[in-house]
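Residue-level listing of the chains:
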Amino acid sequence: QVQLVESGGGSVQAGGSLRVSCAASGRTLSRYAIGWFRQAPGKGREFVAGIYWTGFRTQYADSVQGRFTISRDNAKNTVYLQMNSLKPEDTAIYYCAAAGGIATMALGGADYWGQGTQVTVSS
């Protein structure tokens, strides 16, 4: 069992930055990759970024590549998503998720989900 709790959402103007955090817990946490998804109003949930608890591999959606950075703090069991150069189309509920691998998340799947945090970007 894995528990995920997001924090750090909010409102920002276009071009600004926000950082969202995902505090993870669970005895089997190290078996999972952690990532971020988002769901905009009226749209399906989409993969944003993923990372493993070890190593340096990360993966990003094309829409955020170069603007968003996913990172982790193993001591705190926390994963961060730094979002820069935000655009109105980044407005969505951002969900933290855990899956057996980044490839699984990139295809839209996950085993555990957080409750989500709202990010709103105004023009």
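Scroll up to find the structure.
Keep in mind that this is a model prediction, so the values were computed, not measured.

## A short note on the overall build of the chain
Stage number 1. Broken down by element type, the chain carries one helix and eleven strands.
Stage number 2. Shown N-terminal to C-terminal, the secondary structure of the chain runs as helices and strands in the order β-β-β-β-β-β-β-β-β-α-β-β.
Stage number 3. Taken over the C-alpha trace, the chain has a radius of gyration of 13 Å; the compact-globule value for 123 residues is 14 Å, and the two agree within 12%.
Stage number 4. A principal-axis box enclosing the C-alpha atoms of the chain has dimensions of 40 × 25 × 25 Å.
Stage number 5. Taken across its 123 residues, the chain has 46% of its residues classed as buried.
Stage number 6. By sequence separation, contacts in the chain at least 24 residues apart represent 58% of the contacts at least 6 residues apart.
Stage number 7. Taken as a whole, the chain presents about 6100 Å² of accessible surface, with 47% of it coming from carbon and sulfur.
Stage number 8. Here the chain contributes 11 positive and 7 negative side-chain charges, whose respective centroids are spaced 5 Å apart.

## Structural notes on the environment of alanine 92
Stage number 1. Within the secondary structure layout, alanine 92 lies in strand S9 (residues 92-99).
Stage number 2. When the C-alpha atoms of alanine 92 and threonine 117 are compared, they prove to be 8.5 Å apart, with 25 residues separating the residues in sequence.
Stage number 3. When sequence neighbours within four positions are dropped, the list of residues in contact with alanine 92 reads Arg38, Gln39, Ala40, Thr117, Gln118 and Val119.

## Digging into the side chain of threonine 91
Stage number 1. Tracing the chain through its elements places threonine 91 in the loop between strand S8 (78-83) and S9.
Stage number 2. Look at threonine 91 and you get buried, because its relative accessible area is 18%.
Stage number 3. A distance of 2.9 Å separates the side chain of threonine 91 from the backbone oxygen of proline 88, its partner in a polar contact.
Stage number 4. Of note is the side chain of threonine 91, whose polar atom sits 2.9 Å from the backbone nitrogen of valine 121.
Stage number 5. For threonine 91, the contacting residues outside a window of four places in its chain are Ala40, Pro41, Gln118, Val119, Thr120 and Val121.

## Description of the pairing of S8
Stage number 1. The buried fraction of S8 is high, at five of six residues.
Stage number 2. Relative to S8, strand S3 (residues 18-25) runs antiparallel, the two sharing six bridges. Paired with leucine 18 across the strands is methionine 83, a residue of S8.
Stage number 3. Sheet analysis places strand S7 (residues 68-73) next to S8, joined by six bridges and oriented antiparallel. Note on S8: the bridge partner recorded for threonine 69 is glutamine 82.
Stage number 4. Between S7 and S8, which pair antiparallel and follow one another directly, the connecting turn spans four residues, one of which, asparagine 77, has a positive phi of 50°.

## Overview of the state of the cysteines
Stage number 1. Inspection of the entire model under this criterion finds one disulfide.
Stage number 2. Here cysteine 22 pairs with cysteine 96 through a disulfide, and the sulfurs are 2.0 Å apart. The sign of the S-S torsion, about -75°, decides the handedness of the disulfide formed by cysteine 22 and cysteine 96: left-handed. Taken together, the residues cysteine 22 in strand S3 and cysteine 96 in strand S9 connect sequence positions 74 residues apart.
Stage number 3. Residue classification places cysteine 22 among the buried positions, given a relative accessible area of 0%.

What counts as what
- Here, residues in each chain are numbered from 1, in the same order as that chain's written sequence.
- Owing to the predicted nature of the model, reporting of local features is limited to residues with pLDDT of at least 70; listing and counting of side-chain atom pairs is limited to 80 or more, with chain, interface and lining totals taken over all residues.
- With hydrogens and water stripped out, all remaining heavy atoms of the structure feed into the side-chain values.
- What counts as a helix is a DSSP run of H or I of at least four residues, what counts as a strand is a run of E of at least two, and both are numbered from the N terminus.
- Note on method: radius of gyration uses C-alpha positions; expected globular size equals 2.2 Å times residues raised to 0.38.
- Relative accessibility thresholds used throughout: buried, under 20% of the residue-type maximum; exposed, over 50%; partly exposed, between the two (1.4 Å probe, protein chains only).
- Any pair of residues with heavy atoms lying within 4.5 Å of one another is described as a contacting pair.
- Accessible surface area values rest on a Shrake-Rupley calculation with a 1.4 Å probe, where residue burial reflects the displayed protein chains alone.
- Only four residue types enter the tally: Lys and Arg on the positive side, Asp and Glu on the negative side; His and the chain ends are excluded.
- Where a charge sits is defined by one atom per residue type, namely NZ (Lys), CZ (Arg), CG (Asp) or CD (Glu).
- Under this definition, polar contacts are N or O atom pairs within 3.5 Å; protein pairs additionally need one hydrogen-donor-capable and one acceptor-capable atom, and for neighbouring residues in sequence, both atoms have to be side-chain atoms.
- Strand pairing is assigned whenever DSSP identifies at least 2 bridges connecting the two strands.
- Disulfide assignment relies on a single distance test, namely cysteine sulfur atoms paired within 2.5 Å.

Distances and angles like these do not, on their own, reveal function.
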